[in-house]
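Here is how the chains run, residue by residue.
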Amino acid sequence: MDFTTLQMVMRRLALEAGEAIMEIYNGPDFEVKTKSDASPVTAADEAADAIISAGLQAAFPDVTLITEEQEESHAQESTEFLIVDPLDGTKEFVQRRGDFTVNIAYVVNGVPIRGIVYAPAKQRLFYTDAQGQSLEETGSFEMEQVGACQYISVAVPNPEGLRLVASKSHRDETTDAYIAKYKVSDLMSAGSSLKFCLIATGEAHLYPRAGRTMEWDTAAGHAVLNGAGGAVVRFDDLAPLTYGKPRYENPHFIAYAKGVTLHKP
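Quick caveat: nothing in here was measured; it's all calculated off a predicted structure.

## A closer look at the pattern of salt bridges
In this structure the tally under the stated criterion is 13 salt bridges. A salt bridge links Arg 234 to Asp 236, with the shortest nitrogen-to-oxygen separation between them at 2.9 Å. Among the ionic pairs, Arg 234 bridges to Asp 237, the shortest N-O distance being 3.7 Å. Owing to a relative accessible area of 41%, Asp 237 belongs among the partly exposed residues under this scheme. It is possible to trace a salt-bridge network through shared partners that takes in Lys 35, Glu 68 and Glu 69.

## Structural notes on the environment of Tyr 182
For Tyr 182, the position within the fold is in the loop between α4 (173-179) and β11 (184-190). Classification of Tyr 182 by relative accessible area gives buried; the value is 10%. Remark: the alpha-carbon pair of Tyr 182 and Gly 211, spanning 29 residues in sequence, is separated by 19 Å. Setting aside chain neighbours within four positions, we find Tyr 182 in contact with Leu 162, Leu 206, Val 260, Thr 261, Leu 262 and His 263.

## Points about unusual backbone geometry
Its identity as a non-glycine residue notwithstanding, Asn 109 has a phi of 50°, on the positive side. In this fold, Asn 109 is placed in the loop between β5 (101-108) and β6 (111-119). With phi around 60°, Leu 238 is a residue other than glycine that occupies positive phi space. With respect to the helices, strands and loops of the structure, Leu 238 is situated in the loop between β13 (230-234) and β14 (253-257). Assessed through its relative accessible area of 23%, Leu 238 is described here as partly exposed.

## Structural notes on the state of the cysteines
Inspection of the entire model under this criterion finds zero disulfides. The thiol of Cys 149 is unpaired, and the distance to the nearest cysteine sulfur, on Cys 197, comes to 14 Å.

## Here we look at the sheet that holds strand β3 (residues 64-67)
Read from one edge to the other, the open sheet built from seven strands follows the order β3-β4-β5-β6-β7-β8-β9, with strand pairing classed as mixed. One side of each edge strand has no neighbouring strand; the edge strands of this open sheet are β3 and β9 (148-151). Taken over all neighbouring pairs, the strand axes of this sheet differ in orientation by 20° on average, direction set aside. Strand direction decides the pairing type here: strand β7 (residues 124-128) and strand β8 (residues 134-138), joined by four bridges, are antiparallel. The residue bridging Phe 126 from the neighbouring strand is Glu 136, located in β8. The sheet contacts of helix α1 (residues 3-25) involve β4 (80-88), β5, β6, β7 and β8, and relative to β6 the element is tilted by about 35°. This element, helix α6 (residues 215-226), spans β3, β4, β5, β6, β7 and β8 of the sheet and lies at about 100° to β6.

## Side note on the side chain of Asp 85
With respect to the element layout, Asp 85 can be found in strand β4. Summary of buried charges: Asp 85 has no salt-bridge partner, and the nearest side chain of opposite charge, Lys 35, is 7.0 Å away.

Calculation rules
Residues numbered from 1 in each chain as written. Predicted model: local features only at pLDDT ≥ 70, side-chain atom pairs only at ≥ 80, totals over all residues. Heavy atoms only, no water. Salt bridge = Lys/Arg side-chain N within 4 Å of Asp/Glu carboxyl O. Buried < 20%, exposed > 50% of the residue type's maximum accessible area, 1.4 Å probe, protein only. Helix = DSSP H or I, 4+ residues; strand = E, 2+ residues; numbered from the N terminus. Contact = heavy atoms within 4.5 Å. Disulfide = S-S within 2.5 Å. Pairing = 2+ DSSP bridges. Axes fitted to C-alpha atoms, helices over the stretch in contact; angles between N-to-C directions. Lys, Arg positive; Asp, Glu negative; His and termini not counted.

Here you go:
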C-alpha cells in the first residue's frame, strides 16, 4: 500500500461524502428508512456510500472493501481490507444534532493502521498521515489543498480525575456502572466516532462502550487514536480489540489514553 496515496484518497473521499451529507442535512425533511437490523438509513448514508465505494474501488481495486451499507460485503474475509461507515451516527443526523461522522479505515492483520474521521457539521477533520501519526486539519477543507494541520496526542491523566466521554444515544447501566469505578472530573456525551477523536486530541481520557457496535463504527476512530498514542481493548479481558471478526461484530470495548490505569468490569 502506498500510504501517501491512501492518505490523500481517503481525505478527498471523506470531504466529498461530507459535502453530499450536508446538502441533505441542510435541506428539507428527508425520508428515514429502517434496515433489516432495525437501524435507520437515509439518502445521505446511501449517497456517501456511493461516493466512497466508487472512489476506493477505483484507487485500490485489489483491496477488499467492507462497507456498512452493502450487506453483501459483510460476508467477505481478508487479512487486508478497507472498511467504511459512510455516515456514522445516523440517529444524530436524523435529529440534526451534528455529532455524525464519515469513517474510512485501512486494516492489516487485525489492526486498523490508517484512518480518517470527518465530522462535517462540526467542521472537524482527523486522520493519520503516511507515517501513521494522527493530526487534525483545520481551515476550509479544500478538496485538493490540505489546510493547516496540527499533530495530536492523548493527554496525561490527571490524578484529580479523568475526563470521560460516553455515547450520546447508547448509554446503559453497564456503562454507568463501569464509569463509577473511576474518579471523574468531567463526563461528556458525544455521538459517533468523535469519541475516539476526543481522546486522541486530549479532550478526554476514557471512553467505555458496552453497547453493540460493528467494526465499521470503530476502525477509523481506533486508527486515529492509535496514531495519537491511545489504544482500544476488549471490555471483558482488556486484550487489544482486533478486526476481521465474524460478520465484523465488536465485543464491548474501552478506548483510552495510555497512562490511564484501567479497571476490569
